[in-house]
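Report on the structure
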Amino acid sequence: ARMDELVRGSSVALLALLDSTGKVVVAAGNGIKAPAKGITLPIAAATKDMQRGQIQLAGSDELQDSGSPAATTFVMSMASRNTSGEVNGQLVALLSWQPVQQIITDLADRTAKSGFADASGVLVSSDTLQVLASSGRAADEQQLTLAPTNDASFVLQYGGEDCVASLHPVAIEGEPLGVSV
């Protein structure tokens, strides 16, 4: 019940306390069904060495069995300790992707209202150039290609056409996330 109170009304989609093997001890979902006690979450292996306060991008393989409808989301994790101070598991939080998507949608809307009717907002991983979220184009124009040029800029092709791109790093409380819009 306490876990449900913690996630209710927050941007956390899933809060789970995992044992040292990655099995759910207790979990609460916010807009998603929480995984059952005893289920092993693949996200545990990807997050077990994260430092407190660190945010990581998790993909569909890590999110398997978590109940998250998103293919990608941000995850936070911190070690849990027993009364002797020894690590006995971890507390994992998966952020809801809806607020991230809303930021991208709002960006595209504001840009379109500024006179750029064909504007799109796109969230891209700076490590892989994978499109994480996009808005502003019809579903049949979601093909995106970013190709680096010699002067450290990018040629963006969206819907098969060259487009103008402006890349800006995204940070939460001063910590770079390694993604750009």
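Along each chain, residue indices are assigned from 1 in the same order as the chain's sequence is written. Local features in this predicted model are restricted to residues of pLDDT 70 or higher, and side-chain atom pairs are both shown and tallied only at a pLDDT of 80 or more, whereas totals for entire chains, interfaces and linings draw on every residue. Note that the side-chain values use all heavy atoms of the structure and ignore hydrogens as well as water.

1. Remarks on the overall build of the protein
Within the protein, the regular secondary structure consists of four helices and twelve strands. Under the scheme applied here, a residue whose accessible area is under 20% of the maximum for its type counts as buried, over 50% as exposed, and between as partly exposed, the area being computed with a 1.4 Å probe on protein chains only. Counting all 181 residues of the protein, 32% fall into the buried class. Expressed as a percentage of contacts within the protein between residues at least 6 apart in sequence, the contacts between residues at least 24 apart total 38%. Only the protein chains shown count as covering a residue, and every accessible area follows the Shrake-Rupley method with a 1.4 Å probe. About 10,800 Å² of surface is accessible on the protein, with carbon and sulfur atoms providing 50% of the total. Under the DSSP-based scheme used, a helix requires at least four consecutive residues in state H or I and a strand at least two consecutive residues in state E, with every element numbered from the N terminus. Contact definition: two residues touch when any of their heavy atoms are within 4.5 Å.

2. Things to note about the confidence of the model for the protein
The predictor's confidence in any single residue is recorded as pLDDT, a number from 0 to 100. Averaged over all residues, the pLDDT of the protein equals 75, while 65% of them reach at least 70. Per-element confidence in the protein ranges from a low mean pLDDT of 38 for strand 12 (residues 175–180) to a high of 92 for strand 2 (residues 24–29). Predicted confidence for residues 172–181 stays below pLDDT 50, and this span has 36 contacts to residues more than four positions away or in other chains.

3. What to know about the pairing of strand 2
As defined by bridge partners, strand 1 (residues 12–19) adjoins strand 2 across five bridges and the pair is classed as antiparallel. Opposite Ala16, over in strand 2, you have Ala27 as the bridge partner. In textbook terms, the turn of a hairpin is the stretch between consecutive antiparallel strands, and for strand 1 and strand 2 this stretch comprises four residues, one of which, Gly22, has a positive phi near 90°. A pair of strands is labelled paired if DSSP reports no fewer than 2 bridges between them.

4. Here we look at the packing of aromatic side chains
A pair of Phe, Tyr and Trp rings is counted when the ring centres sit within 6.5 Å of each other, with Trp represented by its six-membered ring. The angle between the planes then sorts it: under 30 degrees is stacked, over 60 is edge-to-face, the rest tilted. The full count for this structure, using the stated rule, is one aromatic pair. For the pair Phe74 and Trp97, a centre-to-centre distance of 5.6 Å together with 40° between the ring planes defines the contact as tilted. Here Trp97 lies in the loop between strand 5 (87–95) and helix 4 (98–113) and Phe74 lies in strand 4 (residues 73–81), a separation of 23 residues in the sequence. As far as burial versus exposure is concerned, Phe74 and Trp97 are alike and both buried.

5. Quick notes on the side chain of Thr73
If you trace the backbone, Thr73 turns up in strand 4. Here Leu95 takes part through its backbone oxygen, which lies 2.5 Å from a polar atom of the side chain of Thr73. A 3.5 Å cut-off defines polar contacts: any pair of N or O atoms within that distance qualifies, except that in protein one atom must be a possible hydrogen donor and the other a possible acceptor, and neighbouring residues in sequence count only when both atoms are side-chain atoms.

6. Observations regarding helix 4
A helix is expected to span 1.5 Å multiplied by its residue count minus one. Spanning 16 residues, helix 4 covers 22 Å between terminal C-alpha atoms, matching the ideal 22 Å at 1.5 Å per step. Turning to helix 4, its buried residues are Val100, Ile104, Thr105 and Ala108. All buried residues of helix 4 project into a common sector of 135° when viewed along the axis, lining one side. Opposite the packed face of helix 4, turned more than 90 degrees from it, sit the exposed residues Ile103, Arg110 and Lys113. Backbone geometry just after helix 4 places Gly115 at a positive phi near 105°. This arc corresponds to the set of directions leading from the helix axis out to the C-beta atoms.

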